[in-house]
Amino acid sequence: MAESEGVAFVRADVERFCAELVGVAPAIRLARLAELRVMLEDVVATASAEAMADARDEGWGLRRIGRQIGMSHEQVRRTLAEPSPEPGRA
């Protein structure tokens, strides 16, 4: 699947960030990469939950949502049952 323009933009930014870490002490580099991974996971999880809720509101079934996002309908059900975290708070 080809990357959308937005995904390609984010990938380029992440690659640039990682390139700037070359030559930095391993302990610092690993810490920065861990921070980046957690931040990206939080942002994607929040956006995914919002998109799943919107799809559900439009009448999509759990299986259809799961197929679109690459998770089981049970994972979708659990995600939709969780209270939405405020952005920036995970």
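Draft legend 1. Expanded view of helix 2 (residues 26-57). Look at helix 2: 46 Å from first C-alpha to last across 32 residues, which is about the 46 Å you get at 1.5 Å a residue. Residues of helix 2 that are buried include every one of Leu36, Thr46, Ser48, Met52 and Ala55, and no others. Tucked into the core, helix 2 has its buried residues touching helix 1 (5-20), helix 3 (62-69) and helix 4 (73-81). Looking one or two places after helix 2, you find Gly59, whose phi comes out positive at around 100 degrees.

Draft legend 2. Local environment of the pattern of salt bridges. Overall, the coordinates contain four salt bridges when judged by the stated rule. Between Asp13 and Arg16 there is a salt bridge; the shortest N-O distance is 2.2 Å. With Asp13 and Arg16 both in helix 1, this residue pair falls three residues apart, about one helical turn. You can call Asp13 partly exposed: its relative accessible area is 32%. Put simply, Glu35 and Arg32 hold a salt bridge, and the shortest N to O gap is 3.5 Å. Taken as a pair, Glu35 and Arg32 lie in helix 2 at a separation of three residues, close to a single helical turn. The class for Glu35 is partly exposed, based on a relative accessible area of 46%.

Reading the values: rules and limits
Residues numbered from 1 in each chain as written. Predicted model: local features only at pLDDT ≥ 70, side-chain atom pairs only at ≥ 80, totals over all residues. Heavy atoms only, no water. Helix = DSSP H or I, 4+ residues; strand = E, 2+ residues; numbered from the N terminus. Expected span 1.5 Å × (residues − 1). Buried < 20%, exposed > 50% of the residue type's maximum accessible area, 1.4 Å probe, protein only. Contact = heavy atoms within 4.5 Å. Salt bridge = Lys/Arg side-chain N within 4 Å of Asp/Glu carboxyl O.

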